[in-house]
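Listed below are the residues making up each chain.
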Amino acid sequence: MKNDKFKGEDGGFAINGGRGWSEVVFRNHMIDVRGTTAHAMGEYIFTDATSGDDVTVQYTFGYKRCGDGQVRICLHHSSVPYQGSSGGVCQLWTAAPPVRSVTKEDVRNAQKAWGNAIKAITKAL
């Protein structure tokens, strides 16, 4: 980075290697509201403050209304869009509402299945 004040610090995505971002535009694919929590999924476009180039990133955010009444981010993940062998972007959500509520057991089962799939991939390598 150009600013010696931050010498040795992470020049990661959020500060764009010291170049910064001039614009961030959210494109929500879906916002799912559940009482005091909500999840948003979509993509945002960051504009490089130096070059003007745009970078598209997919995101998932979880929000929660806290005891003081403020809505805060309680979960965040961002990644560069997946490009399959056909070059298409993977669609992760549809607009259809869920048939029934997700339970903690459902989450644990999904986590177990994901972990088993990772182990199976490792064995295949």
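Computed from a prediction, not measured in an experiment: that's the story for all the values here. (Residues numbered from 1 in each chain as written. Predicted model: local features only at pLDDT ≥ 70, side-chain atom pairs only at ≥ 80, totals over all residues. Heavy atoms only, no water.)

J.: Just to check I follow, could you spell out the overall build of the chain for this structure?
T.: Counting secondary structure elements, the chain contains one helix and four strands. Ordered by position from the N terminus, the helices and strands of the chain form the series β-β-β-β-α. Counting only residues that meet the buried cut, the chain has 16% of its 125 residues in that class. Long-range pairs, those at least 24 residues apart, make up 33% of the contacts in the chain between residues at least 6 apart in sequence. Accessible surface, the chain as shown: approximately 9800 Å² in total, 56% of it carbon and sulfur. (Helix = DSSP H or I, 4+ residues; strand = E, 2+ residues; numbered from the N terminus. Buried < 20%, exposed > 50% of the residue type's maximum accessible area, 1.4 Å probe, protein only. Contact = heavy atoms within 4.5 Å. Areas by Shrake-Rupley, 256 points an atom, 1.4 Å probe, with all protein chains shown as cover.)

J.: For this particular structure, what's the right way to read the pattern of salt bridges?
T.: Oppositely charged side chains may form a pair once their charged atoms are brought near each other. For the coordinates displayed, the defined rule picks out three salt bridges. Salt-bridge contacts for glutamate 43 lead to arginine 27; the nearest nitrogen and oxygen are separated by 3.2 Å. With glutamate 43 in strand E2 (residues 37-48) and arginine 27 in strand E1 (residues 21-34), the pair connects residues that are 16 residues apart, well separated along the chain. Arginine 27 sits in the partly exposed class, given a relative accessible area of 47%. (Salt bridge = Lys/Arg side-chain N within 4 Å of Asp/Glu carboxyl O.)

J.: Looking at this model, I keep getting lost on the pairing of strand E4 (residues 71-79). Mind explaining?
T.: Moving residue by residue along a regular strand, the side chains alternate between the two faces of the sheet. With eight bridges joining them, strand E3 (residues 54-65) and E4 adopt antiparallel strand pairing. Following the sheet pairing, arginine 65 is matched in E4 by valine 71. In this structure, the hairpin formed by E3 and E4 is closed by a connection of five residues, where glycine 69 is found at a positive phi of approximately 90°. (Pairing = 2+ DSSP bridges.)

J.: Would you mind showing me how to read the nonpolar core here?
T.: Proteins that are soluble and globular tend to have nonpolar side chains buried together. Of all hydrophobic cores here, the largest spans six residues; its members are Ala40, Tyr44, Phe46, Val57, Tyr59 and Phe61. Residue assignment for this core shows that the elements contributing at least two residues are E2 and E3. (Core = buried A, V, L, I, M, F, W, Y, C linked by side-chain atoms within 4.5 Å.)

J.: Explanation requested: the environment of isoleucine 31 in the structure shown.
T.: Turning to its location among the elements, isoleucine 31 is positioned in strand E1. Taking the C-alpha atoms as reference, isoleucine 31 lies 6.6 Å from methionine 41; in sequence the two are 10 residues apart. Leave out the neighbours within four places in its chain, and isoleucine 31 touches His39 and Ala40.

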